[in-house]
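Next come the chains, spelled out residue by residue.
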Amino acid sequence: GSAFVYSNSESAAHIAVVSSDTQLVLDLQAELQHRQQARHAQPHSTRQTSIAVDAVNVGPRNEHATRALLDRELDSGDLDGFLWITPAPTIAKDQPARPTFTFTPRSSEQDSLRGPLAAALGTVLMREQLAHRGIAAADANTILQPVEILAVRAPHRQDRESAEISVTLLFFLMYMV
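Bear in mind that the values here come from a model prediction, so they are computed numbers and not experimental data.

Draft legend 1. Inspection of a nonpolar patch on the surface at higher detail. A surface patch of nonpolar side chains, amounting to about 870 Å² of accessible area, comprises Leu170, Phe171, Phe172, Leu173, Met174, Tyr175 and Met176. You can see Leu173 is positioned in helix α5 (residues 157-176). Take Leu173: its relative accessible area is 48%, and that puts it in the partly exposed class.

Written out as structure tokens, the structure is:
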């Protein structure tokens, strides 16, 4: 499946996310879409690349053929990049391992997509870990809400100095009268 993540920007990227874990890919698509919609709703948001994501399911038997197809799509310009998610190795249940993430951009211009992908993946994996620890989805969403920092303009030093001079002059004028 494919999901287009809308943005108010003029630039758009088309990537494929390849994994045997379909739910992880769908969660990543949803998180990217949520982030784009949230950024679009903010009045002072910076313009960022919108990302169209194609989910590609891969198994051990078709891994080489899938990689060859994606390489051809990169070469033809049909894709701006692809994210290959390799499942985590099975290790002791006390130490959950993470999958390996490899991003292949079409050119160095698309390398900037790694940041938004990494941020969205971090949130998705954190949400997954919270769910494994028994945290309800609504509580996990609350925990993972981005922190909003409001900007307040500090008074300018010149304004402060002007006020000090004005008060000093008024003080002397009061005593002179």
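Structure shown, so let's carry the discussion forward.
Draft legend 2. Spotlight on the side chain of Ser19. Its place among the elements puts Ser19 in strand β2 (residues 12-19). Judged by relative accessible area, which is 2%, Ser19 ranks as buried. Leave out the neighbours within four places in its chain, and Ser19 touches Val25, Val56, Asn57, Val58 and Ile85.

Draft legend 3. Region of the structure containing the nonpolar core. By size, the foremost hydrophobic cluster in this structure holds 18 residues, and its most contacted members are Ile15, Val17, Leu28, Leu32 and Leu83. When residues of this core are traced back to their parent elements, those giving at least two are β2, α1 (22-41), β3 (50-57), β4 (81-86) and α3 (114-132). Considering each element in turn, this core owes the most residues, five residues, to α3.

Draft legend 4. A look at the packing of α1 against α3. The N-to-C vectors of α1 and α3 enclose an angle of 120°; their axes lie 9 Å apart at closest approach. Comparing their axes, α3 and α1 come out oblique. Note on packing geometry: the crossing formed by α1 with α3 is right-handed. Along its contact with α1, which presents Leu24, Asp27, Leu28, Glu31, Leu32 and Arg35, the element α3 presents Pro116, Leu117, Ala119, Ala120, Leu121, Thr123, Val124, Leu125 and Arg127. Looking at the contact of α1 with α3 residue by residue, the class counts come to ten nonpolar, one polar and four charged.

Draft legend 5. Inspection of the pattern of salt bridges at higher detail. Applying the stated rule across the entire model yields four salt bridges. Across the pair Glu31 and Arg35 runs a salt bridge whose closest N-O atoms are separated by 2.8 Å. Taken as a pair, Glu31 and Arg35 lie in helix α1 at a separation of four residues, close to a single helical turn. Arg127 is the salt-bridge partner of Glu31, the closest N and O atoms lying 3.3 Å from each other. Of this pair, Glu31 sits in helix α1 while Arg127 sits in helix α3, placing them 96 residues apart in sequence. Relative accessible area serves as the criterion here: at 7%, Glu31 is assigned to the buried category. Assessed through its relative accessible area of 26%, Arg127 is described here as partly exposed.

Conventions and cut-offs
- Residues numbered from 1 in each chain as written.
- Predicted model: local features only at pLDDT ≥ 70, side-chain atom pairs only at ≥ 80, totals over all residues.
- Heavy atoms only, no water.
- Patch = residues over 30% accessible without salt bridge, like charges linked within 9 Å, V, L, I, M, F, W, Y side chains within 5 Å.
- Areas by Shrake-Rupley, 256 points an atom, 1.4 Å probe, with all protein chains shown as cover.
- Salt bridge = Lys/Arg side-chain N within 4 Å of Asp/Glu carboxyl O.
- Helix = DSSP H or I, 4+ residues; strand = E, 2+ residues; numbered from the N terminus.
- Buried < 20%, exposed > 50% of the residue type's maximum accessible area, 1.4 Å probe, protein only.
- Contact = heavy atoms within 4.5 Å.
- Core = buried A, V, L, I, M, F, W, Y, C linked by side-chain atoms within 4.5 Å.
- Axes fitted to C-alpha atoms, helices over the stretch in contact; angles between N-to-C directions.
- Parallel < 35°, antiparallel > 145°, perpendicular 65-115°, else oblique.
- Left-handed = near helix turned anticlockwise from the far one by under 90°.
- Nonpolar A, V, L, I, M, F, W, Y, C, P; charged D, E, K, R; others polar.

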